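# Structure assessment
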Amino acid sequence: MALSKRGRDRTIDYWPGFVDALSTLLLVFTFLLSVFVIAQFFLTQEITGKENILSRLTTQIKQLSELLSLERANSGSLEDQMAALRASLKSAESERERLRQGTEGDKVLSTQLENERDLNQRAASQIEILNRQIAALRRQLAAIQEALDASEQHNKEGQAKIADLGQRLNVALAQRVQELTRYRSEFFGRLREILGNRPDIRIVGDRFVFQSEVLFDAGSAALRPEALPALDKVAEALRDLEKNIPADIAWIVRIDGHTDARPISTAQFPSNWELSSARATSVVQYMISKGISPQHLVAAGFGEFQPLDTGTGEEAFRRNRRIELKLTER
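Notes on the structure in this doc start here. Since the structure is predicted, the reported quantities are computational estimates derived from the model, not experimental observations.

### Notes on the sheet that holds strand β2 (residues 207-211)
One open sheet holds the five strands; their spatial order is β1-β2-β5-β3-β4, and the pairing between them is mixed. Pairing within the sheet leaves two strands with one partner each, and these edge strands are β1 (201-204) and β4 (297-301). Geometrically, the sheet is characterised by an average inter-axis angle of 25 degrees between neighbouring strands, direction not taken into account. Sitting on the sheet, helix α5 (residues 228-244) is in contact with β2, β3 (251-258), β4 and β5 (322-329), with an inclination near 155 degrees to β3.

### What about the packing of aromatic side chains?
On inspection of all chains with the given rule, the structure shows two aromatic pairs. Taking the centre distance of 5.9 Å and the plane angle of 55 degrees together, the rings of F208 and F210 count as tilted. The class for F208 is buried, based on a relative accessible area of 3%. Judged by its relative accessible area of 1%, F210 is buried.

### A word on the nonpolar core
Counting 28 residues, the largest nonpolar core has F210, L215 and M287 as the members making the most contacts within it. When residues of this core are traced back to their parent elements, those giving at least two are β2, α4 (212-215), α5, β3, α6 (272-289) and β5. With six residues, α5 is the single largest residue contributor to this core. Once you skip the residues sitting within four places of it in the chain, M287 turns out to touch L231, V234, A235, L238, I292 and L297. Judged by nonpolar contacts, the second largest core, of seven residues, contains M82, L85, L89 and I127.

### Here we look at α5
In a regular helix each residue adds 1.5 Å, so 17 residues correspond to 24 Å; α5 covers 24 Å between its end C-alpha atoms and thus fits that length. Where α5 is concerned, the buried positions are A230, L231, V234, A235, A237, L238 and L241. Along the axis of α5, the buried positions cluster into a sector of 165 degrees, meaning they face one direction only.

### What to know about a nonpolar patch on the surface
A cluster of nonpolar residues, W15, F18, L22, L25 and L26, forms a patch on the protein surface that exposes about 550 Å² of accessible area. Mapped onto the elements, F18 comes out in helix α2 (residues 15-101).

### Let's talk about the side chain of R279
The topology assignment puts R279 in helix α6. With near-sequence residues (within four places) excluded, R279 lies in contact with S212, F216, D217, A218, G219, S220, A221 and I323.

### A closer look at the pairing of β1
In this structure, β1 lies alongside β2, joined through four bridges in antiparallel fashion. Considered in β2, the bridge of I201 is made with F210. Hairpin connection between β1 and β2: a loop of two residues separates the two successive antiparallel strands, and G205 in this loop has a positive phi of roughly 65 degrees.

### Description of the pattern of salt bridges
Applying the stated criterion across every chain, the model contains 13 salt bridges. Residue D217 pairs with R224 through a salt bridge whose shortest N-O separation is 3.3 Å. Residue classification places R224 among the partly exposed residues on the basis of a relative accessible area of 24%. We note a salt bridge from R322 to E324, for which the minimum N-O separation is 2.6 Å. On the basis of relative accessible area, R322 is assigned to the buried category, the value being 2%.

### With respect to the packing of α5 against α6
Taken N-terminus to C-terminus, the directions of α5 and α6 make an angle of 60 degrees; their axes are 10 Å apart at the nearest point. Overall, the two elements α5 and α6 adopt an arrangement that is oblique. Seen from above, α5 lies across α6 with right-handed handedness. Contacts from L228, L231, D232, V234, A235 and L238 in α5 reach V283, Y286 and M287 in α6.

### Let's talk about α6
Note that an α-helix has 3.6 residues per turn; residues three or four places apart therefore point the same way. Compared with an ideal rise of 1.5 Å per residue, which puts 18 residues at 26 Å, α6 spans 26 Å between its outermost C-alpha atoms and is within 8% of the ideal. Those residues of α6 lying buried are N272, L275, S276, R279, A280, S282, V283, V284, Y286 and M287. Buried-residue contacts for α6 involve α4, α5, β3, β4 and β5. At the exit of α6 stands G291, carrying a positive phi of roughly 95 degrees.

Definitions and limits used
- Within any chain, residue numbers begin from 1 and follow the written order of that chain's sequence.
- Note on the predicted model: pLDDT of at least 70 is required for a residue's local features to be given, and 80 or more for side-chain atom pairs to be given and counted; whole-chain, interface and lining totals, by contrast, use all residues.
- No hydrogens and no water enter the side-chain calculation; it runs on all heavy atoms of the structure.
- Two strands pair under a simple rule: DSSP has to find at least two bridges between them.
- Only DSSP runs of H or I with at least four residues qualify as helices, and only runs of E with at least two residues qualify as strands; both kinds are numbered from the N terminus onward.
- For every element, the axis is a line fit to its C-alpha atoms; helices are fit only across the contacting stretch, and the angle between N-to-C directions ranges from 0 to 180 degrees.
- Residue contacts are defined here by distance: any two heavy atoms, one from each residue, within 4.5 Å place the two residues in contact.
- When two rings of Phe, Tyr or Trp (its six-membered ring) have centres within 6.5 Å they constitute a pair, described as stacked for plane angles under 30 degrees, edge-to-face for angles over 60, and tilted for the intermediate range.
- A 1.4 Å probe rolled over the protein chains alone gives each residue an accessible area, and that area as a share of the maximum for its type sets the label: buried under 20%, exposed over 50%, partly exposed in between.
- The term nonpolar core refers to a set of buried residues drawn from Ala, Val, Leu, Ile, Met, Phe, Trp, Tyr and Cys, joined through side-chain atoms within 4.5 Å.
- By definition here, a helix of n residues has an expected span of 1.5 Å times n minus one.
- Directions pointing from the helix axis toward each C-beta atom define the arc.
- Each patch groups residues whose relative accessible area exceeds 30% and which form no salt bridge, using 9 Å between like charges and 5 Å between nonpolar side chains of Val, Leu, Ile, Met, Phe, Trp and Tyr.
- Computed with the Shrake-Rupley method and a 1.4 Å probe, the accessible areas treat only the protein chains shown as cover for residues.
- Salt bridge, as used here, is a side-chain nitrogen of Lys or Arg placed within 4 Å of a carboxyl oxygen of Asp or Glu.
- If an angle is under 35 degrees, it is roughly parallel; if it is over 145, roughly antiparallel; if it lies from 65 to 115, roughly perpendicular; otherwise it is oblique.
- By convention the crossing between two helices is left-handed if the near helix lies anticlockwise of the far one by an angle smaller than a right angle, and right-handed if it lies clockwise.

Have a look at this one:
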C-alpha cells in the first residue's frame, strides 16, 4: 500500500519513455544491420564460388588463345615452306625445259634430267604432305575458335546466373524478415492478450519485459511459485508459435537476464554476470519443461551492462532488473 501511494504522488517522468524509444530505435537498427550482414555473407559465399568458376574459365580461354596463336604461327610457317617448294619446282621445270630444248643429248644431260625429275617428284610429295598438314591445322583452328566461343558464352551465362542468384537471395531474405516480423507481432499480441495490462510486465520495442521481482526474489535465480502462472501463459503462446511458423524459418526466443548496477558477490553468484545468466537459464529450463523445443530457446546474461535507465535511484534500479523475451532469427 505504501508503494502504491508513493507511485500516485510521484510526478510523471517522461525521460524513461524517451530512453525506451531510443533503445527501441537502436535495437531495430541493430536487427536490420544483422540481417544485412547475414545476407551479404551468404551472397559473398555464393559469388566467391562463381568467381572461382569464372577464374578457371578465364584461364582456359587464355590457354586456348595461346594455342590458337601457336597454331596460326605454324600454319604460316608451313605455307612459307610450301611456297618455297613450289618456287623450287617451277625453277626445276624451267631448267628441264631448257635442257630439253638444247642440242646436246649426251649422257650427262640425261642424268641431269633424271635427277631433276626425281627432285620434282620429291617436291610434289612434300607439297602434298604440307597441304594435308595445313588442312589439319585449319580444322584445329576451327575447333579452337569454337571452344573459345563456347567458353565466352558460358562465362556470360555464369555472370547472368550470379546476378540473378544475388537478386533472388535478397528477395528471399526480405521475405523471411517480413514473415518473422509478422509472427513476432502475433506472438506479442497474444502475450499482451493473455497477460493483460500488468505494470510489471510490458512490451519495449521488439522485446517482452518481465520485472525481476515478478519472477525472482532478491539475489536469487530460483523462480518464485507466484511467477509460474504467468510463465505458463508465455509457454502456451510459444507452443502455438511453434505450430504456426514454417519449419524453413530459423527462429529462436532469446531469454535475456539483466541486473541493476549494484554489485553482488556471493558464493553462488560472484558477480552480476552469473546472476543474470542463471536467471535467464532458469526461465529457459522452465519453458523446456512445458514442452517448448530447446532448439528454439537461448539463454543470455547481460549483467548490469545494458540498462534501460541510467539513473542511480531505486526506481532506475527496479527498471533495470528484468528478464526480456525476444523473438529473432537464429
